[in-house]
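# Coordinate analysis (summary)
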Amino acid sequence: MTQVSLTNLIAGARAGLLVSFPTDTVPALAAIPEKAGLIFAAKQRSQDKPLILMAASAEDLWLYVKGDEHEYKVWRELADKYWPGGLTLVLPASDRVPKVMNPIDPTTIGIRVPNSAIAQTILAQTGPLATTSANFSGQPPLQTMAEIEVQFPKVLTLEYQGEIPGAGVPSTVAKWTGINWQILRQGAIELDISSDN
C-alpha cells in the first residue's frame, strides 16, 4: 500500500518523491520542480509535453514568470477572475523554472492555482509543485486514488475515501502570445478572452 496520510505525503513531496493527490479537475501526479524528470519517467511522457507549476496562491507563482508591467497587469486580471480554478496560464518562464519542467521549450511555463482545499493545503506546505494528470501518457486521466495506486505503485497517493471531488475534466490552457491569449486546450473553464484584449 502506498496510500499515505496528508502529513506523510507533504513530507514525501518535500523530500523529492513522486506524489499524487486530488485537485479540482483531475488527480495530480506531482513532484518538486527540480525532480520533474520523475514525472516524465513515470508517465512515459514525451519531453515535448511540458508540466504545469501548481501552487496554493497566485503570489507563489509570479516569481516563476517574467513580463513587463502591462503584461503582469493583464495576467493578474485573468488570474484574479478565474483562480483558484481550472485555468492554466502559459507564460514566459523566469530563470527560477528548472529546465526539466519543459525540456523542449524552457522559455514558457504553465501555472495554475487549483480550487481544491486538499491541493491547496498540500501546496501551501510544499511550495509550488510540478504537476500533470495521473495517467500514462496518451491515456485518459485516472479518477480515483485506488486506480492511481494500481498504475503507479511507487507513487505516494493520498489516503482518500470515496469519490474524488474533481470535475474529471482537465484545466483550460491559455497561452500568452505577447499580445493576447491563445487557447491551447478548452477544458474545465469556458474562457471568453475576446473581450479582454
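Above this text you will find the structure in question.
This text gives an overview of the structure that appears in the document. On a predicted model such as this, the values are computed, not experimentally measured, just so you know.

## Concerning helix H3 (residues 69–82)
- With 14 residues, H3 should reach 20 Å at 1.5 Å per residue; the first-to-last C-alpha distance of 20 Å fits that figure.
- Along H3, the residues classified as buried are Glu71, Val74, Trp75, Leu78, Ala79 and Tyr82. Across the axial projection of H3, the buried residues extend over an arc of 130 degrees, all falling on one side. Those residues of H3 that are exposed and angled more than 90 degrees off the buried face are Glu69, His70, Lys73, Asp80 and Lys81.
- In this structure, the buried residues of H3 make contact with strand E5 (87–92), strand E9 (172–176) and strand E10 (181–185).
- For H3, the N-terminal capping position is held by Asp68, with its side-chain oxygen 3.1 Å away from the main-chain nitrogen of His70.

## With respect to the sheet that holds strand E8 (residues 156–158)
- Pairing is mixed across the open sheet formed by 10 strands, whose spatial order is E1-E8-E2-E3-E7-E4-E6-E5-E9-E10. In this open sheet, the two edge strands, each paired with only one partner strand, are strand E1 (3–4) and E10.
- The sheet contact formed by E5 and E9 spans 4 bridges and is parallel. Looking across to E9, one finds that Leu87 is bridged to Thr172.

## Details of the packing of helix H1 (residues 6–14) against helix H4 (residues 117–126)
- In contact at an axis separation of 10 Å, H1 and H4 are set at 40 degrees when each is read in the N-to-C sense. One element, H1, and the other, H4, form an angle in the oblique class. Every pair of crossing elements has a handedness; the one defined by H1 and H4 is right-handed. Along the contact surface, H1 presents Leu6, Leu9, Ile10, Ala13 and Arg14, while H4 presents Thr121, Ile122, Gln125 and Thr126.

## What to know about the side chain of Arg45
- Residue position: Arg45 is located in the loop between helix H2 (37–43) and strand E4 (52–54).
- Summary of buried charges: Arg45 has no salt-bridge partner, and the nearest side chain of opposite charge, Asp48, is 7.4 Å away.
- Look past the residues within four positions of Arg45 in its chain and what remains in contact with it is Phe40, Pro50, Leu51, Thr132 and Ser137.

## A word on unusual backbone geometry
- Residue Pro84 is bonded to the preceding Trp83 through a cis peptide linkage, with omega at -5 degrees.
- For Pro84, the position within the fold is in the loop between H3 and E5.
- Here the phi dihedral of Gln44 falls at roughly 55 degrees; this positive angle occurs in a residue that is not glycine.
- Relative to the assigned elements, Gln44 resides in the loop between H2 and E4.

Analysis parameters
Residues numbered from 1 in each chain as written. Predicted model: local features only at pLDDT ≥ 70, side-chain atom pairs only at ≥ 80, totals over all residues. Heavy atoms only, no water. Helix = DSSP H or I, 4+ residues; strand = E, 2+ residues; numbered from the N terminus. Expected span 1.5 Å × (residues − 1). Buried < 20%, exposed > 50% of the residue type's maximum accessible area, 1.4 Å probe, protein only. Arc of directions from axis to C-beta. Contact = heavy atoms within 4.5 Å. Polar contact = N/O pair within 3.5 Å; in protein donor to acceptor, adjacent residues only side chain to side chain. Pairing = 2+ DSSP bridges. Axes fitted to C-alpha atoms, helices over the stretch in contact; angles between N-to-C directions. Parallel < 35°, antiparallel > 145°, perpendicular 65-115°, else oblique. Left-handed = near helix turned anticlockwise from the far one by under 90°. Lys, Arg positive; Asp, Glu negative; His and termini not counted. Salt bridge = Lys/Arg side-chain N within 4 Å of Asp/Glu carboxyl O.

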